[in-house]
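Geometric and topological summary
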Amino acid sequence: MTVPSEAVDDIDEVAELLAEARLRRPNNAPHDRFLTSYKARMLYRSEILRPPAVHGVKDAVDLHCHAHEGQQDALSIAKLASASGMKGLLYKSMPGMNRPDLSGPAEAVRALEDPLHRWADEMDIEPIRLWSGWICTDTRGLSVTEAARKQLESGISAIWMPVFRSANTLSKVGGKAIWFDKNADPAAWTDPLPWEKALQVGNYTIDEHGRLKPEYREVFRMAADHDVMISFAHATHREIEAMAEQVRDLNITKAVVDHPFSPFLDLSLAQMKELTSAGVYLNFTYDEISPLLGIDPAVMCRTIQEAGTHHVTLSSDAGEPLFPNTVEALRLLIAHMRAFGLTDEEIREVSSANPSKVLNAA
């Protein structure tokens, strides 16, 4: 089934047609995607790859880098990012963030700076900048607002709303049983929980009237006062609407929706446009086009073009062993978006200029 691009005005219609084609063909390989991807891969040209050097990420800023236990090494990926000419990494997770002898993520990330700078001096290259983020379920026994105040004072640059422990996440993919059953096997991962059970044991940020609960409204206010990034994380559509209302009310300029195509969010183009109209950035990630999720990169590129690049960023959301490292994941995402139609100026905007604004690094 061939879908002429000029005959389709709505990117959601494109997605529906591709989904239909995928169901009709064996091996989950729709002809439309095969056709567009083969043309892109044959025509795309960039700087010649000379491993282990990574090209194509100059001045890029990654707003979503993972490096906690069992994932990529935080210092090694900072060195590779520096050698590759990147501008900086925002660590969403890394070793030490939960160490009792450290105040939190900001101190853990600052501990990387000296070894990174010493190495960069030896190599005679410019070290990248490092930023730290905090997930608001990591309260260490404090209230959400008390923990947020402490982490902001310590120097974090970003706050994530509930992620793995959100009711939405638990209802869609389950979670570690030990989180809500102290007698459970620490290695056990549950099946997706029924919604009512997920609400009981997980975090849900809105009340019965559809408004953000007071403690989360206060976290948004503190993020606005400190002028730091705040991510909607794994919120439901109703939660996203309530968070966007706070963004409007507080004139927040550094709000981000991560991986809008992920099944956790599953946003339509209309919803994405509504968010960008409120000043929220759409942070598209390598995770979405990876084999694990398999979003068609042509659809992602068309969506970015339809939504407009002014409030779009590109990030890796990488670190897990099933992914390339963050630098290579970001190179792949940037290359795919360029191959499928973003201009060099648009690539610079979404990979460097916009994330730099979000982190006050412009």
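In the block above lies the structure referred to throughout.
Let me sum up the structure you'll find in this document. Since this is a predicted model, take the numbers as computed values, not measurements. (Residues numbered from 1 in each chain as written. Predicted model: local features only at pLDDT ≥ 70, side-chain atom pairs only at ≥ 80, totals over all residues. Heavy atoms only, no water.)

Taking strand neighbours across the sheet as the criterion, the eight strands line up as S1-S2-S3-S4-S5-S6-S7-S8 in an open arrangement whose pairing is parallel. Whereas interior strands pair on both sides, the edge strands pair on one side only; in this sheet they are strand S1 (61-66) and strand S8 (312-315). Taken over all neighbouring pairs, the strand axes of this sheet differ in orientation by 25° on average, direction set aside. Helix H4 (residues 105-123) contacts strand S2 (88-93) and strand S3 (129-135) of the sheet and is inclined by roughly 160° relative to S3. (Pairing = 2+ DSSP bridges. Helix = DSSP H or I, 4+ residues; strand = E, 2+ residues; numbered from the N terminus. Axes fitted to C-alpha atoms, helices over the stretch in contact; angles between N-to-C directions. Contact = heavy atoms within 4.5 Å.)

Okay, helix H13 (residues 326-339) next. Its 14 residues give H13 an end-to-end C-alpha distance of 20 Å, which sits within 8% of 20 Å, the value for a rise of 1.5 Å per residue. The buried fraction of H13 is high, at 10 of 14 residues. Here H13 has its buried residues at Thr326, Val327, Ala329, Leu330, Arg331, Leu332, Leu333, Ile334, Ala335 and Met337. After H13 finishes, the residue Gly341 shows a positive phi value of roughly 140°. (Expected span 1.5 Å × (residues − 1). Buried < 20%, exposed > 50% of the residue type's maximum accessible area, 1.4 Å probe, protein only.)

So, about the nonpolar core. Soluble globular proteins tend to bury their nonpolar side chains together. Residues Tyr91, Met161 and Phe232 are the most contacted members of the largest nonpolar core, which totals 107 residues. Apart from residues no more than four positions distant in its own chain, Phe232 is found in contact with Met161, Phe220, Ile240, Met243, Ala244, Val247, Ala255, Val256, Val257, Leu275 and Val280. (Core = buried A, V, L, I, M, F, W, Y, C linked by side-chain atoms within 4.5 Å.)

In this model, Asn251 sits at a positive phi of 55°, which is unusual for a non-glycine residue. Here Asn251 lies in the loop between helix H9 (237-250) and strand S6 (255-258).

Of all seven residues that make up S3, six are buried, and the element is covered over most of its length. Here four bridges tie S2 to S3, and the two strands are oriented parallel to one another. In the strand pairing of S3, Tyr91 is matched with Ser132. Sheet topology places S3 next to strand S4 (residues 158-160); three bridges connect them, and they run parallel. Counted as the bridge partner of Ile135 is Trp160 from S4. A crossover connection joins S3 to the parallel S4 through helix H5 (residues 144-154); in handedness this β-α-β unit is right-handed. (Right-handed = clockwise from strand over helix to strand, strands pointing away.)

Going through the model one piece at a time under the given rule, you end up with eight salt bridges. For Arg221, the salt bridge identified is with Asp225, shortest N-O distance 2.2 Å. Note that Arg221 and Asp225 are positioned in helix H8 (residues 214-226) at a spacing of four residues, about one turn of the helix. Among the residues examined, Asp225 registers a relative accessible area of 53% and is labelled exposed. Residue Asp344 is joined to Arg338 by a salt bridge in which the shortest nitrogen-to-oxygen separation is 3.0 Å. What makes Arg338 partly exposed here is its relative accessible area of 24%. Put simply, Glu218, Arg221 and Asp225 are held in one network by salt bridges that share partners. (Salt bridge = Lys/Arg side-chain N within 4 Å of Asp/Glu carboxyl O.)

Residues Ala255 and Val257 line one face of S6 and the alternating positions Val256 and Asp258 line the opposite face, and both faces are buried. Sheet topology note: the strand S5 (residues 229-231)/S6 ladder contains two bridges and is parallel. In the sheet register, Ile230 faces S6, and the bridge partner there is Ala255. Remark: the S5/H9/S6 crossover connection has right-handed handedness. Here S6 runs beside strand S7 (residues 281-285); their pairing, made up of three bridges, is parallel. Pairing of Asp258 across the sheet is with Asn283, part of S7.

Turning our attention to H8. Over its 13 residues, H8 extends 18 Å from the first C-alpha to the last, a length consistent with the 18 Å expected when each residue adds 1.5 Å. Along H8, the residues classified as buried are Tyr216, Val219, Phe220, Met222 and Ala223. Taken down its axis, H8 places every buried residue within 160° of arc, on the same side. In H8, the exposed positions that point more than 90 degrees away from the buried face belong to Pro214 and Asp225. Summarising the contacts, the buried residues of H8 are in contact with H5, S4, S5 and H9. Of the residues one or two after H8, Asp227 is the one with positive phi, at around 55°. (Arc of directions from axis to C-beta.)

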